[in-house]
Amino acid sequence: MTIHKAVIPAAGLGTRFLPATKSTPKEMLPVVDKPAIQYVVEEAVAAGLDDVLLITGRSKRTLADHFDAVPELEAVLESKGDAERLAKVRESTELANVHFVRQGQPKGLGHAVLQAKRHVGDEPFAVLLGDDLIDERDDLLAPMLALQERLGGSVIALLEVPREQISSYGCAAVEALEGEDEDTVRITGLVEKPPVDEAPSNLAIIGRYVLHPAVFEVLENTAPGRGGEIQLTDALATLMNTPAEQGGGVTGVVFRGRRYDTGDRLDYLKAVVRIAVDRPDLGPDFKDWLEKYVAGSMS
């Protein structure tokens, strides 16, 4: 079955970015000149996922507004003959079929994904977290989709991190998968934010998943875990030991490309700088200024 639906949980409160996120969703914070959420939707579309469901919450109406048409603004730009900016405004509107559903209460990532059950139905689907941006030059989601179509079950993205940082992530225990390359592994254990000395590896789960629809029934029967929330990691741990004919089995893909974390203030600033430096329209001048600024501040 060809996968064509993407689910993007975007109901978090964004407390790490207060007061900026008091009235602005963290997913709408700009990364250079586009909100973070648009990068994520663009990634889904580039992988062939043209049906996108955003899981939102209260005070998140600007997310829907961003993917809607703005006739008044478009008319002004058109009257000025500003075709370049007009195209940029219309780009988000024309990206994909974007739908919205609310997560009534912040009960965790697993609970957020469960809100997609009616929209997704009995099909495999992708989940993309808005905090993780994957560089468009590095292919991650498309190979994950192809792997799920070939092997079945669910597929999660993994990233090697310094061991002292693993307690900030979900962590995977893995083993080699016969007939596959070294970066495609079988998941044998999953634990959410383990203490460093108890972590089974330094492989962190990052925000890209391709899930079998069996995950919905598991989530409905998953008790609250760490933090009193319904954890997607716990549901995947159950699927890991579920027979393949029932949608079980979890495969991991170790990602070695460029990833930008916008969920932390410092990493968000790093992401803006890294993306801006690589922009052909901004990069040369910005990099020149940045080098001079750093040299001056260090003298």
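The structure we're discussing is the one just above.
Report follows, based on the coordinates.

About the thresholds
- Residues numbered from 1 in each chain as written.
- Predicted model: local features only at pLDDT ≥ 70, side-chain atom pairs only at ≥ 80, totals over all residues.
- Heavy atoms only, no water.
- Helix = DSSP H or I, 4+ residues; strand = E, 2+ residues; numbered from the N terminus.
- Buried < 20%, exposed > 50% of the residue type's maximum accessible area, 1.4 Å probe, protein only.
- Lys, Arg positive; Asp, Glu negative; His and termini not counted.
- Salt bridge = Lys/Arg side-chain N within 4 Å of Asp/Glu carboxyl O.
- Polar contact = N/O pair within 3.5 Å; in protein donor to acceptor, adjacent residues only side chain to side chain.
- Contact = heavy atoms within 4.5 Å.
- 1 Å grid on protein atoms, 1.4 Å probe; cavity = no way out; pocket = protein on both sides within 12 Å on 5 of 7 lines; lining within 4 Å.
- Points joined across faces, edges and corners; volume = space filled by probe spheres on them.
- Nonpolar A, V, L, I, M, F, W, Y, C, P; charged D, E, K, R; others polar.

### Describing the side chain of Asp 51
Within the element layout of this structure, Asp 51 appears in strand S4 (residues 51–56). Buried within the structure, Asp 51 lacks any salt-bridge partner; its nearest side chain of opposite charge belongs to Lys 5, at an N-O separation of 4.7 Å. A polar contact is formed between the side chain of Asp 51 and the side chain of His 119, at a distance of 2.8 Å. Not counting residues up to four positions away in its chain, the partners in contact with Asp 51 are His 4, Lys 5, Ala 6, Asn 97, His 99 and His 119.

### Let's talk about empty space enclosed by the protein
The full count for this structure, using the stated rule, is one cavity of 30 Å³ or more. Of the voids in this model, the largest cavity is the one considered here, and its volume is about 50 Å³. Phe 17, Lys 26, Glu 27, Leu 29, Ala 36, Gly 130, Asp 131, Thr 262 and Tyr 268 together form the lining of the largest cavity.

### Considering the layout of surface pockets
Taken as a whole, the largest pocket encloses approximately 1400 Å³ of empty space. Contributing to the lining of the largest pocket are 46 residues, with Arg 16, Lys 26, Leu 129, Asp 131 and Lys 193 lying nearest its centre. Sorting the residues of the lining of the largest pocket by element identifies helix H5 (109–114), strand S8 (154–160), strand S11 (203–211), helix H9 (232–240) and strand S13 (259–261) as the ones contributing at least two each. Looking at the lining of the largest pocket residue by residue, the class counts come to 17 nonpolar, 14 polar and 15 charged. In this structure, the second largest pocket spans a volume of roughly 860 Å³. Contributing to the lining of the second largest pocket are 35 residues, with Lys 34, Gln 38, Tyr 39, Glu 42 and Glu 136 lying nearest its centre. Taken together, the elements giving at least two residues each to the lining of the second largest pocket come down to strand S3 (34–35), helix H1 (36–46), helix H2 (61–66), helix H4 (83–94), strand S7 (132–134) and helix H7 (141–151). Looking at side-chain class alone, the lining of the second largest pocket contains 15 nonpolar, four polar and 16 charged residues.

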